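# Inside the fold
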Amino acid sequence: MPNNQENIKSWIEQSKIDYIGHYIKAWIPFNAWYNNVFPSLNSDREKISAIKKEANTVRNAINSYMETEAQEGSSFRSYISGLYFQLQQNEIYGRDDRIWFETILKEKNSDNLINNEAFRHNKYYLSRTDGRNLGDVTEIKVVLKKKSNNQTVFTYIHPNYDLEHLQSNSEFKKLSQNQQENIRLLFEKLTPIKTYSIIENNIKENPKNYYECDSYNFRREVLDENCKSIYVCKALIEILYQLRNVVFHGELVPNDGAQNVYKEAYHLLRMILDKIR
């Protein structure tokens with residue numbers, strides 16, 4: 001027969017809430033909602049992208065919570081602050097990258113061509129050809145020519161965007177330090193993906209360009225009349241989706257740190273569900 005202390009410990013363990021399980025239960029009606037709203041789209045990824053890009057009930061709900069000074073807004077902002085903190089403290093990785101707010105806002109870099117930009121005695125041509133998926137590159141090309149006679153000094157073509165590969169090129173190493181540095185700077189301008197921060201460091205009050213979420217200031221897009229919390233919406237929906245994926249794909253280690261992450265995510269998703277019921 002267990003002693004009283006063992007019994008206490010056992011009941012303490014039983015009293016813990018499985019937030020990972022609760023999160024998945026909350027995802028089921030959310031999944032059903034977006035299947036109903038976007039029936040013409042084929043995959044979950046397409047539907048999640050549509051939620052982030054188009055006006056809809058979920059995006060409007062997040063924007064409403066972020067904008068209101070009522071108690072529900074304060075609670076929502078506190079939960080998203082908690083999720084930000086827990087994802088900093090607990091490393092959770094999906095198939096492609098770490099899941100956290102630092103790198104979640106990604107967009108295709110629309111700049112894919114530098115056409116004969118001149119520096120001193122040289123001119124530089126760089127181009128990037130993209131593949132189908134975000135971040136895929138099928139060709140990167142670099143050409144360095146003399147301005148005086150258009151003579152080609154250096155040519156580089158590679159099927160991947162890879163700065164280290166460029167810098168290890170034997171012909172690249174023969175260039176002057178200035179030429180190498182100019183190419184490096186221009187090459188980095190053509191990065192296939194641009195990453196944006198959800199944190200606002202340049203605080204302005206009139207109009208207010210941030211949301212105060214406990215210890216963090218999240219970006220508020222004052223120029224967007226339809227959804228001033230657009231950055232928060234995009235980041236949060238993507239985070240919630242990726243947290244769903246790592247559970248469904250069996251990639252999550254269900255430890256105490258993960259439970260802390262899913263606790264905040266669960267409360268956020270439940271508040272979103274309250275707006276679509």
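The rules behind the values
- Residues numbered from 1 in each chain as written.
- Predicted model: local features only at pLDDT ≥ 70, side-chain atom pairs only at ≥ 80, totals over all residues.
- Heavy atoms only, no water.
- Helix = DSSP H or I, 4+ residues; strand = E, 2+ residues; numbered from the N terminus.
- Buried < 20%, exposed > 50% of the residue type's maximum accessible area, 1.4 Å probe, protein only.
- Contact = heavy atoms within 4.5 Å.
- Areas by Shrake-Rupley, 256 points an atom, 1.4 Å probe, with all protein chains shown as cover.
- Lys, Arg positive; Asp, Glu negative; His and termini not counted.
- Charge placed at Lys NZ, Arg CZ, Asp CG, Glu CD.
- Pairing = 2+ DSSP bridges.
- Salt bridge = Lys/Arg side-chain N within 4 Å of Asp/Glu carboxyl O.

Our next topic: the overall build of the chain. Along its length, the chain carries 10 helices and eight strands. If one aligns the C-alpha atoms of the chain with their principal axes, the spans along those axes are about 90 × 50 × 40 Å. When each of the 277 residues of the chain is scored for burial, the buried share is 42%. At a minimum sequence separation of 6, the contacts of the chain that also span at least 24 residues come to 55%. Put simply, the chain shows about 15800 Å² of open surface, and 44% of that area lies on carbon and sulfur atoms. With 37 positive and 36 negative side-chain charges, the chain shows a separation of 6 Å between the mean positions of the two kinds.

This part is about the pairing of strand S3 (residues 122–130). For strand S2 (residues 113–119) and S3, the ladder comprises five bridges, and the chain directions are antiparallel. By the bridge assignment for S3, Phe119 is matched with Asn122. Counted between consecutive antiparallel strands, the loop separating S2 from S3 contains two residues, among which Arg120 sits at a positive phi close to 55°. Sheet topology places S3 next to strand S4 (residues 137–146); nine bridges connect them, and they run antiparallel. Along S4, the bridge assignment pairs Ser127 with Lys141. Between the end of S3 and the start of S4, which pair antiparallel, lie six residues, with Gly135 showing a positive phi angle near 95°.

Attention now goes to the pattern of salt bridges. Between side chains of opposite charge, pairing is possible as soon as their charged atoms come close. One pass over the full model with this rule turns up 18 salt bridges. Residues Asp44 and Arg244 are paired through a salt bridge, measuring 2.7 Å at the closest nitrogen-oxygen approach. Of the two residues, Asp44 sits in helix H3 (residues 44–53) while Arg244 sits in helix H9 (residues 230–248), which places them 200 residues apart along the sequence. Overall, the relative accessible area of 21% leaves Asp44 in the partly exposed class. Assessed through its relative accessible area of 9%, Arg244 is described here as buried. Two residues, Asp130 and Lys108, come together in a salt bridge whose shortest N-O distance is 3.6 Å. With Asp130 in strand S3 and Lys108 in strand S1 (residues 105–108), this pair connects stretches of sequence that are 22 residues apart.

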